[in-house]
Each structure stands twice: as structure tokens, then as C-alpha cells.
Amino acid sequence: MVFTAPSDLSGGLYFLNGKRTTVEATETFDVIEPRIGKVVAKCPKATAEIVDEYVKVASAAQPGWGETTALDRGKILHKVADLIRGGWKNATARCDIASSADTFDFFGGIATAVLQGDSLELPGGPSQRIAYTRREPYGVIGCIGAWNYPFQTCVWKVAPALAAGNSVVYKPSPFAPASPVLLGEILTAAGVPEGVYNVIQGEQEAGIALCEHQLVAKMSFTGSVASGEAVQRQAATKNVKPVTLELGGKSELIIFDDSNVKSAVAAAMLANFLNQGQVCTNATRVFVQRGILASFTEAIVQEANEKLKVGDPLLEDTRVGANINEGHLQRIMGYVESAKQEGGVVLRGGVRVHPEGVEGGAYFEPAIITGLTDEAKAVREEIFGAVMLILPFDTEEENSGHGRENCVDTLRAHTQTKAIYVNVQDTTEHCF
């Protein structure tokens with residue numbers, strides 16, 4: 001199998017019947033390349049009528065794909081994984097792409113096992129009464145993706161949906177519209193039939209139309225809490241459909257004074273500065289027990305100064321690339337300013353920078369801030385940027401609700417928990 005990615009966006013940013021395409025629409029949105037901060041294309045916004053067309057194509061294609069055996073679908077997903085793996089310039093991108101390929105391999109591998117039904121003997125014996133279950137595809141899955149991991153988010157939704165025999169209509173964020181179309185071309189090259197995977201573009205109108213469409217049997221959404229609430233409401237407007245939501249949060253990292261400082265620094269680097277801090281599990285609140293506070297603070301500032309090179313994301317030695325756009329950069333800097341006004345001390349970063357060759361991008365020097373209380377705006381609200389807040393505490397009892405006992409309670413209530421990372425190794429390393 002050979003797949004070559006297109007060199008530009010001239011073929012369009014929609015995907016229908018196995019091909020990259022475009023549509024006719026009166027309204028468009030600007031497609032901005034974050035690396036340089038420039039408009040590289042204008043993309044039509046899907047109307048409700050366009051959404052309807054794409055959903056009907058997916059609905060027509062789904063029965064044939066669903067009748068394919070799980071084994072044969074799995075073989076195609078393994079081919080997708082093979083095509084995804086390849087030469088990517090940036091270290092973080094290589095990690096993300098490898099993870100995406102692994103996702104297709106994983107769901108392609110487990111499909112035959114997890115999609116089997118069960119048979120149960122009932123009173124009277126198997127010769128008289130038996131009950132059985134079947135695992136059947138939903139049909140058309142509507143997906144709305146986020147901009148911070150545009151390729152991975154798409155993969156995480158699409159791989160399991162396809163493995164189970166569903167078809168997909170995917171709407172990416174208008175801030176990052178290109179990656180899902182590229183995935184569509186990879187899927188076609190691997191043998192996914194036409195119409196099984198489709199991509200629409202747009203903003204609120206397109207999202208609402210997808211959520212409310214009666215042929216869409218299930219919705220999957222990644223984004224903000226407010227938008228997730230809206231998706232849940234809209235998905236019950238015309239027919240009640242199940243919804244999977246992956247929403248934002250305000251995570252924390254807890255460092256007790258018996259921790260190894262080097263490992264604590266590595267964990268804090270990973271928890272705050274990966275992907276420019278644009279991560280929904282970003283642990284901006286770093287609670288540090290006072291006995292280790294001074295040594296940790298000195299070490300983390302030194303490590304950040306040495307390792308966090310901001311620059312062109314296409315360069316191999318860059319560790320911090322551009323934020324998604326100008327508006328988001330200003331939002332992050334607004335939190336830094338509010339922290340200063342509420343008594344915070346910026347130990348490093350917190351300012352805009354203009355790396356050589358990509359001066360127009362929304363680049364930000366990662367910040368480390370101390371001196372705030374739990375009442376500060378930056379402590380309470382999700383920043384979604386490279387801003388670390390060091391918050392001291394004296395005793396585990398004082399830090400009740402954040403400490404070890406809370407971790408145990410959270411594990412017990414895992415159905416309401418997004419992710420918990422527990423360090424079970426003697427050392428921790430980071431990738432910067």
C-alpha cells in the first residue's frame with residue numbers, strides 16, 4: 001500500500017464517498033495555519049441541507065459495512081494503522097501519530113472478540129429454552145471533534161465506530177479542519193468502502209444539524225463543558241440518542257515532601273507543557289508540600305529554562321510550538337494578567353514571543369506562577385495553556401479533597417472520572 005498526503009488544501013476540506021471534495025455555500029470561515037498565523041484557505045460552512053446529504057450517504061453505506069465480518073473489518077483497520085505510521089518532522093507529532101496507528105491496531109485486533117454475543121441456558125435446559133444476545137452496529141455515528149489533538153481525537157472516535165460496523169459523519173473544529181480529511185484519504189487507501197466515513201465542516205449550524213438528525217443513532221463530542229451540555233440537549237430534540245462526552249476540566253498534580261524532586265519536576269513538566277498546555281487533563285494546579293517547595297520550585301524553573309525551546313514546530317529541536325490562534329493566545333495571557341493582579345508572581349515566561357521565521361504565529365513562553373490562593377481566577381478556571389501554578393500546602397489534612405485519600409475515593413467513583421495518573425515507578429521522565 002502506498003499513500004501520499006496532498007501538498008495543499010486545493011482539493012477541498014470535505015470528504016464524501018471516499019474522496020476529498022468541497023461544497024457550495026454562501027458562508028465560509030478562514031482556515032488559519034497556527035504555525036505562521038496566516039489564512040491559507042477559506043472553507044464553506046455546511047448548512048443543514050448539506051449535513052442531511054452527508055448523513056444520508058453514511059446511512060446508505062452502513063449496512064454493507066456492518067455486514068462485513070468483524071475479522072475483515074479488523075484487517076482493514078490494521079492496514080489503516082500501517083499507512084498512518086511514517087516520517088513526521090516533529091517529536092511530539094511522531095508520538096501522536098504512533099498512538100493513532102496503535103489505536104487502529106488495537107480496535108482492529110479486539111473486534112472479533114468483543115463483538116461476539118452471548119448464549120444463556122434458561123430453566124428447562126438447552127434443548128427447550130435458550131437466550132442469546134447479538135452485538136449490532138448503531139448505524140450512523142455523528143462525531144464532533146476538538147482542535148487541540150485534531151488527528152488523534154478523530155482517530156479515537158472513528159476507529160472504534162468503524163470496528164463495530166458503524167458509518168461516521170465527522171465535524172472537526174473550524175480551528176483545525178484538515179486532519180480528519182487526511183484520515184479519510186488514508187481510510188480509502190486501506191480499503192474502507194465509499195460513504196462509510198465522511199467529513200463536514202462548519203460551526204454551530206452544522207453541529208446542531210448533525211446532533212438533531214434522525215438518521216444519526218449516536219453522538220460523540222469532545223470540547224468544552226458548555227458545548228457538551230448543548231450537544232446532549234440537541235441529541236434528544238428529535239430522537240433520543242446516546243451521547244459520549246469528553247469535556248474540559250481543571251486537573252491537579254499533588255507532590256508530597258517524600259517525593260523525589262527530579263521525578264516530581266519531570267511529572268510537572270509533562271502535566272503542564274505538553275502540546276503547549278492545550279490538553280484537557282492539563283494539571284495547572286501543582287500542589288507542593290512545603291517541605292519540598294523551595295527545592296522543587298528552583299528545579300522546575302531551571303528545567304523549564306533549559307528544556308522548553310519555543311519555536312517553529314517543524315524544527316526537530318522545538319519543544320513548544322504555536323497556540324491554536326490569536327484569540328486563544330490572548331485568553332491565556334489574560335489569565336497571566338489576572339494572576340498578577342491577584343498577587344501572583346511570575347517566575348518565568350508568561351509573555352508572547354516571536355520565533356525566527358514564524359513571527360506571525362501565536363507563540364507563548366510557558367509560565368510558572370506562585371503566590372496565588374484557591375480563590376484566584378487562574379486557579380479556579382481552565383486555562384488550556386502552558387501556565388503552571390505552584391500552590392503550597394503544609395499537611396495532608398489541610399489539603400483534604402486533593403490528597404491521597406481523595407485519590408482512593410476517586411478510583412472508587414471511576415465512572416465519573418476522566419483520567420487518573422498514579423506514579424508507581426521509582427523515577428519519572430519527560431519528553432522535552
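Counting restarts for each chain: residues are numbered from 1 in the order of the written sequence. Local features in a predicted model are, by the rule used here, given only for residues with pLDDT of at least 70; side-chain atom pairs are given and counted only at 80 or more, and totals for whole chains, interfaces and linings are based on all residues. Each side-chain value is derived from all of the structure's non-hydrogen atoms; neither hydrogens nor water enter the calculation.

The name an unreviewed UniProt entry gives the protein is Aldehyde dehydrogenase domain-containing protein, with Caenorhabditis remanei as the organism. For the protein, the Sequence similarities (unreviewed entry) comment in UniProt is given as "Belongs to the aldehyde dehydrogenase family." UniProt positions are given in the numbering used here, feature names are shortened, and annotations may be inferred rather than shown by experiment.

Turning to the nonpolar core, a few remarks are in order. Joining through side-chain atoms within 4.5 Å is the link that ties buried Ala, Val, Leu, Ile, Met, Phe, Trp, Tyr and Cys residues into a set, and such a set is a nonpolar core. For every residue, the accessible area obtained with a 1.4 Å probe (protein chains only) is divided by the maximum for its type, and the residue is called buried under 20%, exposed over 50%, and partly exposed between those limits. F104 and Y197 are the most contacted members of the largest nonpolar core, which totals 64 residues. Only heavy atoms enter the contact rule, under which two residues are in contact if any of them lie within 4.5 Å. With sequence-adjacent residues up to four places away left out, Y197 is seen in contact with F15, C154, V158, V168, Y170, P180, L183, G184 and L187. One finds I292, L308, I369 and F432 within the second-largest nonpolar core, a separate group that totals 49 residues.

DSSP-based pairing: two strands are paired if at least 2 bridges between them are found. We count a stretch as a helix when DSSP gives it H or I for four or more residues in a row; a strand needs E for two or more, and each element gets its number in order from the N terminus. Here strand 10 (residues 216-223) runs beside strand 11 (residues 243-247); their pairing, made up of five bridges, is parallel. Looking at strand 11, one finds that G223 is bridged to L247. Viewed along the sheet, the connection from strand 10 through helix 7 (residues 225-234) into strand 11 turns out right-handed. A clockwise course of the path from the first strand over the helix to the second, judged with the strands pointing away from the viewer, identifies a crossover as right-handed.

With mixed pairing, the five strands of this open sheet are ordered in space as 12-13-18-17-14. The open sheet has two edge strands with one neighbour each: strand 12 (252-255) and strand 14 (345-348). Averaged over all neighbouring strand pairs, the angle between strand axes comes to 25 degrees, with direction disregarded. Helix axes use the C-alpha atoms of the stretch in contact, all axes being lines fitted to C-alpha atoms, and the angles between their N-to-C directions lie in the range 0 to 180 degrees.

Here S173 lies in the loop between strand 8 (167-171) and helix 5 (179-190). Taking the relative accessible area as the measure of exposure, S173 reaches 8% and is therefore buried. Think of a polar contact as two N or O atoms within 3.5 Å of one another; within protein, one of them needs to be a possible hydrogen donor and the other a possible acceptor, and neighboring residues in sequence only count if both atoms come from side chains. In this structure the side chain of S173 is engaged in a polar contact, spanning 3.1 Å, whose partner is the backbone nitrogen of F175. Leaving out residues up to four positions away in the same chain, S173 has contacts with G145, A146 and W147.

Now for the packing of aromatic side chains. Stacked, tilted and edge-to-face are the three classes applied to pairs of Phe, Tyr and Trp rings, where Trp contributes its six-membered ring and a pair requires centres within 6.5 Å; stacked means planes under 30 degrees apart, edge-to-face means over 60, and tilted covers the rest. Per the stated rule, a full pass over the model turns up five aromatic pairs. Between W147 and F384, the aromatic rings sit 5.4 Å apart at their centres with planes inclined by 85 degrees, giving edge-to-face as the arrangement. Residue W147 is located in the loop between strand 7 (140-144) and helix 4 (150-163), and its partner F384 is located in the loop between helix 11 (377-380) and strand 18 (387-393); the two are separated by 237 residues in the primary sequence. Any Lys NZ or Arg CZ found within 6 Å of a ring centre and within 35 degrees of that ring's normal is scored as a charge over the ring. Looking at K377, its charged tip hangs above the ring of Y335, at a distance of 5.3 Å from the centre.

The next point concerns the domain arrangement of the protein. Domain borders in the structure are assigned automatically or taken from a domain database. Segmentation of the protein into domains returns domain 1 (14-247) and domain 2 (252-421). Distance between the C-alpha centres of domain 1 and domain 2: 32 Å. Contact with domain 1, which involves 14 residues of that partner, is made by 24 residues of domain 2. Contact with domain 2 buries surface across domain 1, with P34, R35 and W147 losing the most and accounting together for 37% of the total. Accessible area that two parts lose when put together, with a 1.4 Å probe and added across both, is what the buried area reports.

Side chains that differ in charge, positive against negative, can pair when their charged atoms come close. Criterion for a salt bridge: a side-chain nitrogen of Lys or Arg within 4 Å of a carboxyl oxygen of Asp or Glu. All told, the structure shown has 19 salt bridges when counted by the stated rule. Between D394 and R290 there is a salt bridge, with its nearest N and O atoms 2.7 Å apart. With a gap of 104 residues between them, D394 in the loop between strand 18 and helix 12 (404-412) and R290 in helix 9 (residues 290-307) connect regions that are remote in the sequence. A single network of salt bridges, built from pairs that share partners, joins D82, R85, D102 and D105.

On to the packing of helix 1 (residues 48-67) against helix 6 (residues 204-212), then. With their axes 9 Å apart at the nearest point, helix 1 and helix 6 run at an angle of 45 degrees to one another. Relative to helix 6, helix 1 is oriented oblique. Crossing angle aside, the handedness with which helix 1 passes helix 6 is right-handed. Packed against helix 1, whose contacting residues are A48, V51 and V55, the element helix 6 presents E205, A206, A209 and L210 at the interface. Partitioned by chemical class, the residues of the contact of helix 1 with helix 6 number six nonpolar, no polar and one charged. Should an angle lie under 35 degrees it is considered roughly parallel, over 145 roughly antiparallel, and from 65 to 115 roughly perpendicular; all remaining angles are considered oblique. By definition, any crossing whose near helix is turned counterclockwise from its far helix by less than a right angle is left-handed, and any crossing with a clockwise turn is right-handed. When residues are grouped by polarity, Ala, Val, Leu, Ile, Met, Phe, Trp, Tyr, Cys and Pro land in nonpolar, Asp, Glu, Lys and Arg in charged, and all others, Gly among them, in polar.

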